Amino acid sequence: MSISYKDSGVDVERGYEAVRLMKEHVKSTYTSGVLGDIGSFGGFFAMPKDIKRPVLVAGTDGVGTKLKYAIISGKHDTIGIDAVAMCVNDIVCQGARPLFFLDYFATGALSPEKVATVVSGIAEGCRQSGAALIGGETAEMPGFYRQGDYDIAGFAVGAVDKKKIINGSTIKPGDVLIGLKSSGIHSNGYSLVRKLFGENIYELNQFNDELGAKTIDVLLTPTRIYVKSILELIKNVSVKGIAHITGGGFIENIPRIFPEGIGCVIDTKSYEVPAVFRVMQKKAELSNEQIYNTFNMGIGMVVCVKKHDVKKAIAQLEATGEQCVVLGKTVKGSGVTLK
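Residues numbered from 1 in each chain as written. Predicted model: local features only at pLDDT ≥ 70, side-chain atom pairs only at ≥ 80, totals over all residues. Heavy atoms only, no water.

## A closer look at the layout of surface pockets
Heads up, the rule is: Detection works on a 1 Å grid of protein atoms alone, calling trapped sets that fit a 1.4 Å probe cavities and calling open sets with protein on both sides within 12 Å along at least five of seven lines pockets, with lining residues defined by an atom within 4 Å of a point. Grid points are joined across faces, edges and corners, and a volume is the space filled by probe spheres set on the points. Only DSSP runs of H or I reaching four residues or more are called helices, and only runs of E reaching two or more are called strands; each is numbered from the N terminus. Polarity classes work like this: nonpolar for Ala, Val, Leu, Ile, Met, Phe, Trp, Tyr, Cys and Pro, charged for Asp, Glu, Lys and Arg, and polar for all others, with Gly in that last group.
The space that makes up the second largest pocket amounts to roughly 420 Å³. What lines the second largest pocket is a set of 16 residues, and nearest its centre among them are Gly95, Arg97, Lys164, Ile234 and Lys235. Elements represented by at least two residues in the lining of the second largest pocket include exactly strand S6 (150-161) and helix H8 (227-236). With five residues, the single largest contributor to the lining of the second largest pocket is H8. Across the lining of the second largest pocket, the residue classes tally to seven nonpolar, one polar and eight charged.

Next comes the structure, spelled out in structure tokens:
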């Protein structure tokens, strides 16, 4: 008796249908650098001509266990934004303009409609960041993922002129840290989030008075993409360093941009921390240091500039839709001091 690939749990026809459904979303991200079309073995992209000495900057990431909330709620149209955001927000920290993005989607049994919905979110993230979605992989892996489960990850490549790389090397004591507000939890710390809020979809769908919204809506709010705002900022202001506040929060991420011998003091009272973080802090009984070492606490990106450039930087960021706060300053020493 013969056993076909379909008998083993893999239906290639579902893969073909998924590609057909996602084509419109993919093409909506194309920029002038895209060469070729979806379906080739590799994605082609022409190097921008306006960058004199281009240096490629690459980043890869996933969205972690935030995926659980997309799966149990059946809401799959925004999780792709998170996948893009986690990559492009990283590479723009070096001053790089995202050029293109590749995605990876893996599941047990492929649902063409579901993967197309996820890709619609990826395409939206690409449009927000100016990156072209030039390829990806859809893997059907029966027996590996539970029914309904899936995973997504992404890979972004950007470019920056060698003379314009931002690496924090010029940061000195007395420089100012400007915080760009986040849209919420973003995509880090969800193993703890799930312990605190659980996975009962009935309860998650209820309005939460403390959060001022349905819990599931707060937990699935997509990561803010800062690329276009940051690129406009660095055109107009001398930026010394940029930190993407992801896993590890303030404590781990801000010092990553500092030269040796530099630390910072953060004024935690300089802005109102969003309710979801205070609710989680109370539920988990975490100290300030612990929670600021886990979550973004309402600040998704930190920009370091000279003191005399602060007003100009804030005006520029606000002109592109960002909400900003003077978060703290750099000092001699190391690490992050919270006050």
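What follows picks up the thread again.
## Observations regarding the packing of H8 against helix H12 (residues 310-319)
Think of two packed helices as two axes; the pair is described by the angle between the axes and how far apart they sit. What counts, and what does not: Simply put, an axis is a line fit to the C-alpha atoms, just over the touching stretch for a helix, and the angle between two N-to-C directions goes from 0 to 180 degrees. Crossing handedness: left-handed means the near helix sits turned counterclockwise from the far one by under a right angle, and right-handed means the same turn made clockwise. Residue contacts are counted whenever heavy atoms from the two residues lie within 4.5 Å of one another.
Running from N to C, H8 and H12 cross one another at 145°; their axes reach a closest spacing of 9 Å. As for how H8 packs across H12, the hand of that crossing is right-handed. The residues of H12 that touch H8, namely those facing Ser229, Glu232, Leu233 and Asn236, are Lys312, Ala313, Gln316 and Leu317.

## Comments concerning the sheet that holds strand S5 (residues 132-140)
Stated formally: Strand pairing follows a simple DSSP-based rule, namely that at least 2 bridges must link the two strands.
Taken together, four strands build an open sheet; the order of strands is S3-S6-S4-S5 and the sheet is mixed. The strands lining the two open edges of the sheet, one partner per strand, are strand S3 (54-62) and S5. Recorded for the sheet is a direction-independent mean angle of 15° between the axes of neighbouring strands. Relative to S5, strand S4 (residues 97-107) runs parallel, the two sharing eight bridges. The residue bridging Phe100 from the neighbouring strand is Ala132, located in S5. Along the sheet, helix H3 (residues 79-91) makes contact with S3, S4 and S6, crossing S6 at roughly 30°.

## Focus: the confidence of the model for the protein chain
So the rule is basically this: pLDDT expresses how confident the predictor is about each individual residue, on a scale running from 0 to 100.
Residue-level pLDDT values for the protein chain average 92, and 95% of them are 70 or greater. Summarising per-element confidence for the protein chain, the mean pLDDT is lowest in helix H1 (residues 12-27) (74) and highest in strand S7 (residues 176-181) (98).

## Re the side chain of Asp309
Spelled out, the test is: Using a 1.4 Å probe on the protein chains alone, a residue whose accessible area is under 20% of its type maximum counts as buried, one over 50% counts as exposed, and one in between counts as partly exposed. Counting rule applied: Lys, Arg positive; Asp, Glu negative; His and chain ends not counted. Within this document, salt bridges are pairs made up of a side-chain nitrogen of Lys or Arg and a carboxyl oxygen of Asp or Glu, the two lying within 4 Å of each other.
Assignment of secondary structure puts Asp309 in the loop between strand S12 (299-305) and H12. The side chain of Asp309 sits in the buried core without any salt bridge; Lys306 is the nearest counter-charge, 5.9 Å away. Those residues in contact with Asp309, other than ones at most four positions away along the chain, are Val237 and Ser238.

## Digging into unusual backbone geometry
Note on backbone geometry: most residues besides glycine have negative phi, and most peptide bonds are trans. Phi at Glu285 is positive, roughly 55°, even though this residue is not glycine. Along the chain, Glu285 falls in the loop between helix H10 (275-284) and helix H11 (288-292). Judged by relative accessible area, which is 72%, Glu285 ranks as exposed. Phi at Met297 is positive, roughly 55°, even though this residue is not glycine. Tracing the backbone through its elements, the reader meets Met297 in the loop between H11 and S12.

## Things to note about empty space enclosed by the protein
Per the counting criterion, the structure on display carries one cavity of 30 Å³ or more. Residue lining of the largest cavity: Ile185, His186, Ser187, Asn188, Ile245, Thr246, Thr294, Phe295 and Asn296, and that is the complete set.

## Re the packing of H3 against helix H4 (residues 112-129)
Note the cut-off: Throughout this description, any angle smaller than 35 degrees is read as roughly parallel, any larger than 145 degrees as roughly antiparallel, any in the 65 to 115 degree range as roughly perpendicular, and the remainder as oblique.
At a minimum axis distance of 6 Å, the contact between H3 and H4 shows a crossing angle of 40°. Between H3 and H4, the interaxial angle falls into the category oblique. Where H3 crosses over H4, the two elements pack in a sense that is right-handed. Within the contact between the two elements, H3 uses Ile79, Gly80, Ile81, Val84 and Val88 and H4 uses Val118, Gly121, Ile122, Glu124, Gly125, Cys126, Gln128 and Ser129.

## Let's talk about the environment of Val34
Along the chain, Val34 turns up in strand S1 (residues 34-35). Put simply, Val34 and Gly59 are 25 residues apart on the chain and 19 Å apart in space, counted from C-alpha to C-alpha. When sequence neighbours within four positions are dropped, the list of residues in contact with Val34 reads Phe44, Phe45, Ala132 and Ile134.

## Section: the nonpolar core
Just so we agree on the cut-off: The set of buried Ala, Val, Leu, Ile, Met, Phe, Trp, Tyr and Cys residues whose side-chain atoms join them within 4.5 Å is what this entry labels a nonpolar core.
Counting 91 residues, the largest nonpolar core has Phe197, Phe250 and Ile254 as its most contacted members. At eight residues, the largest contribution of residues to this core is made by H3. When near neighbours in sequence (up to four residues on either side) are disregarded, Phe197 contacts Tyr69, Leu204, Leu211, Thr215, Leu219, Val276, Val279, Met280 and Lys283. With eight residues, the next largest nonpolar core counts Val34, Leu99, Ala132 and Val157 among its residues.

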